[in-house]
Amino acid sequence: MTKQMAEKDGFIAALDQSGGSTPKALGLYGVKEDAYANEEEMFALIHAMRSRIIKSPAFTGKKVIGAILFERTMDGEIDGIPTAEYLWEKRGIVPFLKVDKGLMAEANGVQLMKPMDNLDTLLKRAVEKSVFGTKMRSVINAANKEGIEAVVAQQFEVGKQILSHGLMPIIEPEVNIKIKDKQEAEALLLAAIRSHLDTLPAGSQVMLKLSLPTLADLYKPLVDDPRVMRVVALSGGYSRDEANSLLAKNAGVIASFSRALTEGLSQDQSDDEFDARLAATINSIFEASRKP
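Please read all numbers here as calculations on a predicted model, not as lab measurements.

Conventions adopted
Residues numbered from 1 in each chain as written. Predicted model: local features only at pLDDT ≥ 70, side-chain atom pairs only at ≥ 80, totals over all residues. Heavy atoms only, no water. Helix = DSSP H or I, 4+ residues; strand = E, 2+ residues; numbered from the N terminus. Rg over C-alpha atoms; globule rule 2.2 N^0.38 Å. Buried < 20%, exposed > 50% of the residue type's maximum accessible area, 1.4 Å probe, protein only. Contact = heavy atoms within 4.5 Å. Salt bridge = Lys/Arg side-chain N within 4 Å of Asp/Glu carboxyl O. Polar contact = N/O pair within 3.5 Å; in protein donor to acceptor, adjacent residues only side chain to side chain. Expected span 1.5 Å × (residues − 1). Arc of directions from axis to C-beta.

Draft legend 1. A look at the overall build of the chain. Along the backbone of the chain there are 12 helices and 11 strands. What you see for the chain is a C-alpha radius of gyration of 18 Å, in line with the 19 Å of a compact globule of 292 residues. The principal-axis extent of the C-alpha atoms belonging to the chain is close to 50 × 40 × 40 Å. Taken across its 292 residues, the chain has 51% of its residues classed as buried. Here the analysis covers contacts within the chain between residues at least 6 apart in sequence; of these, 72% occur between residues at least 24 apart.

Draft legend 2. Highlighting the pattern of salt bridges. Scanning all chains against the criterion turns up 18 salt bridges. Two residues, Lys 135 and Asp 16, come together in a salt bridge whose shortest N-O distance is 2.9 Å. Linking Lys 135 in strand β7 (residues 133-140) with Asp 16 in the loop between β1 (11-15) and α2 (22-28), this pair joins segments that are 119 residues apart in sequence. For Lys 135, a relative accessible area of 5% corresponds to the buried category. When its relative accessible area of 8% is taken as the criterion, Asp 16 is described as buried. Linking Glu 71 and Lys 101 is a salt bridge whose minimum nitrogen-to-oxygen distance equals 3.3 Å. Here Glu 71, found in helix α4 (residues 71-75), pairs with Lys 101, found in the loop between β5 (94-98) and β6 (110-111); they are 30 residues apart in sequence, far enough to count as distant. Residue Glu 71 is classed as partly exposed on the basis of its relative accessible area, which comes to 22%. Here the residues in one salt-bridge network are Glu 71, Asp 75, Lys 101 and Arg 125, joined through shared partners.

Draft legend 3. Structural view of the side chain of Thr 73. Following the sequence through the fold, Thr 73 ends up in helix α4. What makes Thr 73 buried here is its relative accessible area of 2%. Of the polar contacts made by the side chain of Thr 73, one reaches the side chain of Arg 50; its length is 2.7 Å. Not counting chain neighbours up to four residues away, the residues in contact with Thr 73 comprise His 47, Arg 50 and Thr 83.

Draft legend 4. Structural detail: helix α12 (residues 271-289). Compared with an ideal rise of 1.5 Å per residue, which puts 19 residues at 27 Å, α12 spans 26 Å between its outermost C-alpha atoms and is within 8% of the ideal. For α12, every residue scored as buried is listed here: Phe 274, Leu 278, Thr 281, Ile 282, Ile 285, Phe 286, Ala 288 and Ser 289. Taken end-on, α12 shows its buried residues confined to a sector of 160°, consistent with a single buried face.

This is how it looks when you write it as C-alpha cells:
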C-alpha cells in the first residue's frame, strides 16, 4: 500500500460523504429525500451507491490508487466482505477513512475541526479493518494569518496522533474557492504547512489534500518535500472539467475528487450506462493526475 500511494500514477476517490452531505450526494444521484424515512435508510442508499461505484469494472487500482471511506462505509460490507478489505483485495485500491466529526463555527476566518473525543478508539478499529490512512478536513474562508495558523496547528497535532497508530494522515486544510483573497490565503497556508512539517517526528510522512491553487505549481515545494508522501487536490465545487484543467497545471499533484467523480452518475442508469460514464470520468481524472 505504501509503495502504491507513494509512487503509482492515479488518483484517490473520495467516497466519504457524511451525514450532512449525504442528502445532496444522493440528490445528485437521483435519489430524492422522500425516498428514505430516516437516517438508517439514507445511509443504506448511499452505501448502495458507493458499492455500485466500487464494483464497477473501471474502478480498480489501475487508475484509482486509493479511496476515502466514511466510518459507516468502513463498517459495512460489499458482497459479504468488509469494505476496506474488499477495496484492497478485490480492487487493488488503498483504503482511507474520514475521521473528523465536522466543523466548528467560523472564527478568525476559519472553521476548525470539532473535537474528536473517541479518535484513538476509531483509529484502533481502522487498523483492525486494514485501513491504510485517514483524512480530516478544516476550512479556510479568509486570508487570516492567525486563523490559518490555528487550522494547520490543529491538523498537524491530530496528524501526529494518527501517525502514532501506524496510519497515514491526509491533512486537509481546504481553502474555500469562492473567497476574494484566495491567493493570499494560499500563500499563508503554504508557509504554515512548511513550518509545521518541521515538527514531525524524524522519518515520518504525511499526505496533504489541498484546494487547487490560483497560482499553478504553488505547492511544488510540498510535492518535493520528502516528508510529504503525496499532495492531492480536492475539486472544491469546481465542475469535473474545470477541476481537471486546473489539476493538470500542477505538476506532481493528483486528484482526490468527490462530487467531480460522481458527476453524471444516476441510479436510473443501466449498469452499462453507469459503468461507461464512470469509466470516462475515471479516465479523464487519471489523465489530469498523471506525472508530466
